[in-house]
Amino acid sequence: MANSGHHAVVRTGIDNYGVAPYDPSVAYAEYTGPVGTEPNPTYAGVRSLLASLYPPGTRYGTGVHWNPLGELVEPGQTVFIKPNLVDHHHRHGGDIWSVITHPSVVRAVADYVALALRGNGRIIIGDNPHVDCNWDAIEDLYRADELCERVSRTGVDTQFVDLRSWHMPDLSGYGWRDRREPRPGDPSGDRTVTLQDSYMDVKPWWLYRGTFNERGETIKAHRGGHTYSFARTMFDADVFVSIPKLKAHAKVGVTLNTKGLIGTVTNKNCLVHWSIGFPAFGGDEYPRPAKRRDYLKLYWQHAANDVLPSSVQLELRDRLGNSRVGRAYKRCLQTDAQANAMLRGAWDGNDTTWRMTADVYNAFVGLPGQPQRKTLSIIDGVIGGDTDGPHFPHRVRSGALVGAEHLLVADLVATRLMDFSTDSVWYLGALAGLHGIDRNDISVSLATNEAAETLTGTRFFDATEQYLGFRPPHRWPTLSLHDHQPAETSHDVTILPGRPADYEARKGTQVAEADKPTLSVRRQPALERTP
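Residues numbered from 1 in each chain as written. Predicted model: local features only at pLDDT ≥ 70, side-chain atom pairs only at ≥ 80, totals over all residues. Heavy atoms only, no water.

Student: Got a sec to walk through the overall build of the protein? Specific residues and values, please.
Tutor: Each helix and strand counted, the protein has 15 helices and 20 strands in total. Here the protein holds 531 residues, and the buried ones make up 60% of them. Considering only contacts in the protein between residues 6 or more positions apart, those separated by 24 or more positions represent 76%. When the accessible surface of the protein is totalled, it reaches about 21000 Å², and 50% of it is carbon and sulfur. (Helix = DSSP H or I, 4+ residues; strand = E, 2+ residues; numbered from the N terminus. Buried < 20%, exposed > 50% of the residue type's maximum accessible area, 1.4 Å probe, protein only. Contact = heavy atoms within 4.5 Å. Areas by Shrake-Rupley, 256 points an atom, 1.4 Å probe, with all protein chains shown as cover.)

Student: Lay out the nonpolar core with the relevant residues and their values.
Tutor: Of all hydrophobic cores here, the largest spans 75 residues; its most connected members are Tyr228, Phe230, Val360, Val413 and Phe460. Not counting chain neighbours up to four residues away, the residues in contact with Phe230 comprise Gly189, Asp190, Arg191, Val193, Phe235, Thr264, Val265, Thr266, Val360, Ala363 and Phe364. Formed by 55 residues, the second largest nonpolar core is a distinct cluster that contains Tyr54, Val99, Val151 and Val382. (Core = buried A, V, L, I, M, F, W, Y, C linked by side-chain atoms within 4.5 Å.)

Student: I'd like a description of helix α1 (residues 41-53), backed by residues and values.
Tutor: For α1, which comprises 13 residues, the first-to-last C-alpha distance of 18 Å matches the rise-based estimate of 18 Å (1.5 Å per residue) to within 8%. Counting buried residues along α1, 10 of its 13 residues qualify, which places the element largely inside the surrounding structure. If you check which residues of α1 are buried, you get Thr42, Tyr43, Gly45, Val46, Arg47, Ser48, Leu49, Leu50, Ala51 and Leu53. Those residues of α1 that are buried lie in contact with β1 (7-11), α2 (103-117), β14 (375-386) and β16 (400-404). (Expected span 1.5 Å × (residues − 1).)

Student: Please set out the side chain of His90 residue by residue, giving values where relevant.
Tutor: Topologically, His90 is positioned in the loop between β2 (78-83) and α2. Judged by its relative accessible area of 5%, His90 falls in the buried class. Reaching out from His90, the side chain makes a polar contact with the backbone nitrogen of His92 at a distance of 3.0 Å. (Polar contact = N/O pair within 3.5 Å; in protein donor to acceptor, adjacent residues only side chain to side chain.)

Student: For the packing of aromatic side chains, give the residues involved together with the corresponding values.
Tutor: The full count for this structure, using the stated rule, is 21 aromatic pairs. Between Trp205 and Trp206, the aromatic rings sit 5.5 Å apart at their centres with planes inclined by 85°, giving edge-to-face as the arrangement. Ring centres of Phe230 and Phe235 lie 5.5 Å apart, and the angle between their planes is 40°; on these two criteria the pair is classed as tilted. One cation-aromatic arrangement involves Arg373 over Phe235; the distance from NZ or CZ to the ring centre is 4.6 Å. (Phe/Tyr/Trp six-rings, centres within 6.5 Å; stacked < 30°, edge-to-face > 60°. Lys NZ or Arg CZ within 6 Å of the ring centre and 35° of its normal.)

Student: Just give me the short version of the environment of Pro41, but keep the residues and values in it.
Tutor: Relative to the helices and strands, Pro41 resides in helix α1. Between the C-alpha atom of Pro41 and that of Val382, which follows or precedes it by 341 residues, the distance is 9.9 Å. If near-sequence neighbours (up to four positions away) are discounted, Pro41 is found in contact with Ile14, Asp15, Asn16 and Tyr17.

Student: Give a detailed account of the pattern of salt bridges, specifying residues and quantitative values.
Tutor: Here the structure, examined in full by the defined rule, presents 27 salt bridges. In this structure, Asp351 engages Lys203 in a salt bridge whose closest nitrogen and oxygen atoms are separated by 3.4 Å. One end of the pair, Asp351, is in the loop between α11 (336-339) and α12 (353-365); the other, Lys203, is in the loop between β7 (190-195) and β8 (208-209), and 148 residues separate them in sequence. Its salt-bridge partner being Arg459, residue Glu453 comes within 3.9 Å of it at the nearest N-O pair. Connected through salt bridges with shared partners, the residues Asp23, Arg107, Asp111, Glu149, Arg150 and Arg153 form a single ionic network. (Salt bridge = Lys/Arg side-chain N within 4 Å of Asp/Glu carboxyl O.)

Student: Can you explain the packing of α12 against helix α14 (residues 426-434)? Please cite residues and give values.
Tutor: Contact pair α12 / α14: the axes reach a minimum separation of 8 Å and the direction vectors enclose 40°. Of the two possible hands of crossing, α12 and α14 adopt the one that is right-handed. Where α12 abuts α14, its residues Trp354, Thr357, Ala358, Tyr361 and Asn362 lie against Trp426, Tyr427, Ala430, Leu431 and Leu434. Counted by class, the contact of α12 with α14 contains eight nonpolar, two polar and no charged residues. (Axes fitted to C-alpha atoms, helices over the stretch in contact; angles between N-to-C directions. Left-handed = near helix turned anticlockwise from the far one by under 90°. Nonpolar A, V, L, I, M, F, W, Y, C, P; charged D, E, K, R; others polar.)

Student: Go over the pairing of β16 with me, naming the residues and quoting the values.
Tutor: In the case of a regular strand, side chains alternate between the two sheet surfaces. With respect to burial, β16 is a largely interior element, five of its five residues being buried. Two strands pair when backbone bridges link them, and β1 and β16 are joined in this way by three bridges, in the antiparallel orientation. The residue bridging Val9 from the neighbouring strand is Gly403, located in β16. Across five bridges, β14 lies against β16 in antiparallel orientation. Looking across to β16, one finds that Ser377 is bridged to Ala404. (Pairing = 2+ DSSP bridges.)

Student: Break down the confidence of the model for the protein for me, citing the residues and quoting the values.
Tutor: Confidence along the protein averages 89 in pLDDT terms, with 89% of residues attaining 70 or more. Note that residues 1-5 has pLDDT below 50 and, in this model, 12 contacts with residues that lie over four places away or in other chains. Predicted confidence for residues 493-514 stays below pLDDT 50, and this span has 56 contacts to residues more than four positions away or in other chains. (pLDDT = per-residue confidence, 0-100.)

Student: How would you sum up the side chain of Thr211? Please name residues and give values.
Tutor: Checked against the element boundaries, Thr211 lands in the loop between β8 and α5 (216-220). Here Thr211 falls in the buried class, since its relative accessible area comes to 3%. Only 3.2 Å separates the side chain of Thr211 from the backbone oxygen of Lys268, close enough to count as a polar contact. Setting aside residues no more than four positions away along its own chain, Thr211 makes contact with Trp166, Tyr174, Gly175, Lys268 and Asn269.

Student: So what about the environment of Arg107? Which residues, and what values?
Tutor: Note that Arg107 resides in helix α2. Those residues within four positions of Arg107 in sequence are excluded, and the remaining contacts are Pro21, Tyr22, Asp23, Pro24, Tyr31, Leu147, Arg150 and Val151.

Student: Now, about unusual backbone geometry: what can you tell me, with residues and values included?
Tutor: Most peptide bonds take the trans form, and the phi angle of most residues other than glycine is negative. The step from Ala20 to Pro21 runs through a cis peptide bond, and the omega angle for that step is 10°. Relative to the helices and strands, Pro21 is located in the loop between β1 and α1. Of note, the bond from Gly389 into Pro390 is cis; its omega dihedral lies within 30 degrees of zero at 15°. By the secondary structure assignment, Pro390 is in the loop between β14 and β15 (394-397). In this structure, Thr387 is a non-glycine residue whose phi angle is positive, near 60°. The residue Thr387 is located in the loop between β14 and β15 in this model.

Student: Tell me about the packing of helix α13 (residues 407-417) against α14, and name the residues and values.
Tutor: Where α13 meets α14, the axes come as close as 11 Å, and the angle between the chain directions of the two elements is 140°. It follows that α13 is oblique to α14 by the angle criterion. Helix-helix and strand crossings are classified by hand; for α13 and α14 the assignment is left-handed. The residues of α14 that touch α13, namely those facing Leu408, Asp411, Leu412 and Thr415, are Leu428, Leu431 and Ala432. For the contact of α13 with α14, the residue count by class is five nonpolar, one polar and one charged. (Parallel < 35°, antiparallel > 145°, perpendicular 65-115°, else oblique.)

Following this line, the structure appears as structure tokens:
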């Protein structure tokens, strides 16, 4: 088995995804299913990545005995495969495959999981996506029935599931509990984890904001411990396979494995995504405003949310929303950031979301000194997404896959591959320190169609090296190691693997140094898990 704590593989030069149902185009020795007539470079890329991650020696390609995941996955186990299925569309009309994981990657990984199960076990593919995600549309995009049927031919029961207990069919209802509709949820129920010590401890709890405008439930989840509820089907799986998208994120810099674990949480309202207000008063909802009146405007908005019942607020909004009086009222109360359509917490001064993300990682994967969850990561960067992810990134034809057993190791390597500073992604630094991961100790195998080499962490993470040249989100001016700037208009960018891109776009909004967070964390000695 590969050294799960210190080895990662980067596979580049993959020029396209396969064609549904994503059968391999080559009759590989270890593969017994149907062979497709169309090229499937993704399947070949995943196979090559696994061969680098789990070196098979002379067995590779010479017979049915090569079983790359055989030491990770055992017959009789349940394996949960979690792609990033955050949304069913690109909200600005761009490429959906810059937003969510492509099914050709999932199919290839599932086949090798099934090979390891040897006809005895279960594969569950699914997610707990964003509140307004249309799961029927996701199933259509994935051709989920056909994908599961292909994998199930091995004798392994394979399912495709949405684990949400509710959703909001109309995003205009975001923030209002009354606008949600029930979903079946996880048939196995929830698993609750309480962290007794948390990265959130340094934040003022009275400023916490979760999914809903009513903040009582969010605050209660973080008083006397920090409680998170996970989908039991994911939590109790014997092996957890994460297949995220190589993508930037406006609140935390990047969304890969660690931020993707938000999709394991069932009660979204226990997740604190920002602290309300401006930095001068302990908040990080928006950067420091240029106009003093914005302080009063935002204070009034939050006072109304905290005092008025949601039913009253909804009735006022519905009655006044399309009226002249309502539009004038909205303009009068809008801050400059809101008038410019800035999403709350979408800047590098957000000192809350990364802490919540790190908490979720520790609660789900496990703390140092405790049994660690068995994991595997294959990051889909054949088409990536830069600038303002997660819902409307700009497409990047990066042609890359990243693999590692350790989720944090994969995230560190993928972040640097994007040409982003791992030091600027706060949760990566905090968790790497807590879990004893030194970037310099990571070996990185770089493989293309023509050659392969292994780099030390010192060389791979050297700030002078240039790789994919992803552009940072707006208001993240120090994230890019090579001063690339956020995209302005185009949703389609081509990048030559291994070479920097030449971008011409305006700079993101600069953030005052005084408004940036100071990294302050506490080690986490214990957690409680309740059935």
